[in-house]
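Fold and geometry: a report
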Amino acid sequence: MFFTLTIELKMAETAKTLKKLLMKRIDVPIYVWGPPGIGKSDVIKQVGKELGVDVIDIRLSLMDPTDLRGVPMIIDGEAKWVKPSFLPKKENSIMFFDELNHAPPSVQSAAYQIILDGRIGEHTLPDNTIRIAAGNQKGDGILGYDLPLPLKNRFVHIEMRCDSDAWLEWAEEEGIDARIIAFIYSKPELLMDLPKGQETQKAYGFPTPRSWAFTSTIIKGTEDLNELRSMVEGAIGKKTASIFLTHIRMVSEYKSPQFILDNPTYVDKDLDRSILWSILSSVAHIVTQNKIDEFTALMSNPAIPAELTAYTFRLATNKYNKRYLLTSELVNMFLSKEEVALSMGS
């Protein structure tokens, strides 16, 4: 049986769709396409964790054809293939073939049978072994091999697109450095900016969801980021690093978050939006119960756009769990600001 179905989805939608497909136990291989660093592997591992099944990560680009089939041994006078140790040993597993289109054609050919038919040579996979592959598209400046049409035609294809809202939600849950979260909130186009044309030959670091997570690990706990400049550049590239570090410097040169909280009318309507994002993120973190009046006055400041007010309140009450801010006045204000923000975005 042949299938030709391609679904284009955002990051959060990809996980939900994969989960639905896997729960239906449909015996059809799935191929997840997407640019490098978008989080394809993480999404598949997340789905496996949520479903309570093992995910066996197989990097075909590092294998020879014999690695898949196993090696022959003489048993009772007959040549038999010894099963590779990485094959699943129990039912309800996910075999994840990452970087499938990076594998040489000879390895792809060896993978056909296991991906398409759930068997390799004389070895059959356990029941409900789901086969998922992933790879980068050639248009992303990535070298690779074309998948043969017969192989392409046997997959349900899911094309994964970058989604800053979903990444920011994940970043808050995972404890990504607050300075990065505030920066991406204000400049979502820099969450992923792949090099193009001749740049691909020269580029080393460039911004992706993965490299921003690396950057968070590099800068966490460090106030003066200039001493880490070369490492930040190595993760997200010189151009993006320059924009990010300039943003951090401008935020540090402005009034402190505590000053803004203590003086809620100080904020100027002409203040750079990205700086305001960062300051309000810090305000959400430091506000205490004895500062409810000041926080309410700050949220009422007409110089702060509605979506920033809604974001700050949501950050304080959800991420930082400051339930004492759930006063009727603030809740009503949040609902009205949220409504305004949604109407502006529609």
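Treat the numbers as computed from the prediction; the structure is a model and nothing was measured. (Residues numbered from 1 in each chain as written. Predicted model: local features only at pLDDT ≥ 70, side-chain atom pairs only at ≥ 80, totals over all residues. Heavy atoms only, no water.)

**Quick look at the layout of surface pockets**
In this approach the atoms are scanned with a rolling probe the size of a water molecule, which exposes any empty space left behind. Within this model, the largest pocket holds a volume of roughly 940 Å³. Contributing elements (two or more residues each) for the lining of the largest pocket: helix 1 (11–23), helix 2 (40–51), helix 6 (164–174) and helix 9 (209–219). If one sorts the elements of the lining of the largest pocket by residue count, helix 2 sits on top with eight residues. Looking at the lining of the largest pocket residue by residue, the classes come out as eleven nonpolar, seven polar and 13 charged. (1 Å grid on protein atoms, 1.4 Å probe; cavity = no way out; pocket = protein on both sides within 12 Å on 5 of 7 lines; lining within 4 Å. Points joined across faces, edges and corners; volume = space filled by probe spheres on them. Helix = DSSP H or I, 4+ residues; strand = E, 2+ residues; numbered from the N terminus. Nonpolar A, V, L, I, M, F, W, Y, C, P; charged D, E, K, R; others polar.)

**Overview of the packing of helix 11 (residues 238–253) against helix 13 (residues 273–286)**
Contact geometry for helix 11 and helix 13: axes closest at 9 Å, N-to-C directions at 65 degrees. Classified by the angle between their axes, helix 11 and helix 13 sit roughly perpendicular to one another. Once helix 11 is placed against helix 13, the crossing between them reads as right-handed. Where helix 11 abuts helix 13, its residues His 247, Met 250 and Val 251 lie against Ser 274, Ile 275, Ser 278 and Ile 279. (Axes fitted to C-alpha atoms, helices over the stretch in contact; angles between N-to-C directions. Parallel < 35°, antiparallel > 145°, perpendicular 65-115°, else oblique. Left-handed = near helix turned anticlockwise from the far one by under 90°. Contact = heavy atoms within 4.5 Å.)

**Describing the side chain of Thr 215**
Note that Thr 215 resides in helix 9. The exposure class assigned to Thr 215 is buried, which follows from its relative accessible area of 0%. Of note is the side chain of Thr 215, whose polar atom sits 2.8 Å from the backbone oxygen of Ser 211. Ignoring any residue separated from it by four or fewer positions in sequence, one finds Thr 215 in contact with Ile 180, Val 232, Ala 235 and Ile 236. (Buried < 20%, exposed > 50% of the residue type's maximum accessible area, 1.4 Å probe, protein only. Polar contact = N/O pair within 3.5 Å; in protein donor to acceptor, adjacent residues only side chain to side chain.)

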